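Structural overview
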Amino acid sequence: MSQPPPTDQAIHVRVWQELQRASQDRDHEWRTPVLSTSGLDGSVQSRTVVLRRADGDAHELVFYTDSRSPKVAQLRAAPMASLVFWSARLSWQLRVQAAFSVQVSGAPVDAAWLAVSVSAAAAADYLGAEAPGARCSDGGVASGDRHHLAILTARVRSMDWLELSSHGHRRGLLSGEGVDWLVP
Ligand SMILES: Cc1cc2nc3c(=O)[nH]c(=O)nc-3n(C[C@H](O)[C@H](O)[C@H](O)COP(=O)(O)O)c2cc1C
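Described below are features of the structure shown in this document.

Reading the values: the criteria
- Residues numbered from 1 in each chain as written.
- Predicted model: local features only at pLDDT ≥ 70, side-chain atom pairs only at ≥ 80, totals over all residues.
- Heavy atoms only, no water.
- Buried < 20%, exposed > 50% of the residue type's maximum accessible area, 1.4 Å probe, protein only.
- Helix = DSSP H or I, 4+ residues; strand = E, 2+ residues; numbered from the N terminus.
- Pairing = 2+ DSSP bridges.
- Core = buried A, V, L, I, M, F, W, Y, C linked by side-chain atoms within 4.5 Å.
- Contact = heavy atoms within 4.5 Å.
- Arc of directions from axis to C-beta.

**Remarks on the pairing of strand β7 (residues 149-163)**
- With 13 of 15 residues buried, β7 is to be regarded as a mostly interior element.
- Where strand β4 (residues 60-66) meets β7, seven bridges bridge the pair, whose relative direction is antiparallel. Note that in β7 the partner of D66 across the bridge is L149.
- Note: strand β6 (residues 92-103) against β7, twelve bridges, orientation antiparallel. What sits directly across from V102, in β7, is L152.

**Focus on the nonpolar core**
- With 30 residues, the main nonpolar core has V15, L19, L61 and F100 as its most contacted residues.
- Secondary structure elements with two or more residues in this core: α1 (8-24), β3 (51-55), β4, α2 (70-77), β5 (80-87), β6 and β7.
- Contacts of V15, omitting those with residues within four sequence positions, involve W30, W92, L94, M159, W161 and L174.

**So, α2**
- Along α2, the residues that are buried comprise K71, V72, Q74 and L75. Axial view of α2: buried residues confined to an arc of 165°, hence all on one face. Residues R76 and A77 are exposed on α2 and point more than 90 degrees away from its buried face.
- Buried residues along α2 sit against β1 (34-38), β2 (44-48), β4, β5, β6 and β7.

Below, the structure written as structure tokens:
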């Protein structure tokens, strides 16, 4: 027997609650979604990223990256991109359509760098002398003298939530405050 859909408001609240938990819990499966962007050559480019912050009121998700990484140029050229999250524990998939903006300087970037640089290993991700994706030189990966941390902010347009269940799958397209219930 299939389950009744949850109320529109309840599902919005639950999804943002899990996103927020994932941004703070290293073991949450939604901590590391896959981000897909449009490549500069028209291809689709996908990679794993770490969810750093989720703000349900602002409908925003935040990620950190190296400002020289190809995804930054891709998002500047084509800001609409998608994220996919899967949690076996929840049996939930979330596909997010969002408009991305890139910040490479200013107070939020300074604050993020301050937080990241507490860990030398984490800071090293943004201190490379060479851009991510560049060919390794003979000397291996050298460290530069300034950081290249950039903040990616995803302004969420819609979220396609899918719950797998032996009692019947459920799927809802969340946009604004409403939900369109879809055939899974
Ligand atoms: C578990 C995991 C987490 C990652 N987190 C990030 C991240 O938060 N930001 C990031 O830029 N790259 C992250 N990466 C590396 C990216 O997947 C990717 O290899 C790199 O950013 C280069 O992507 P690009 O060439 O498409 O720009 C992560 C990789 C893994 C496996």
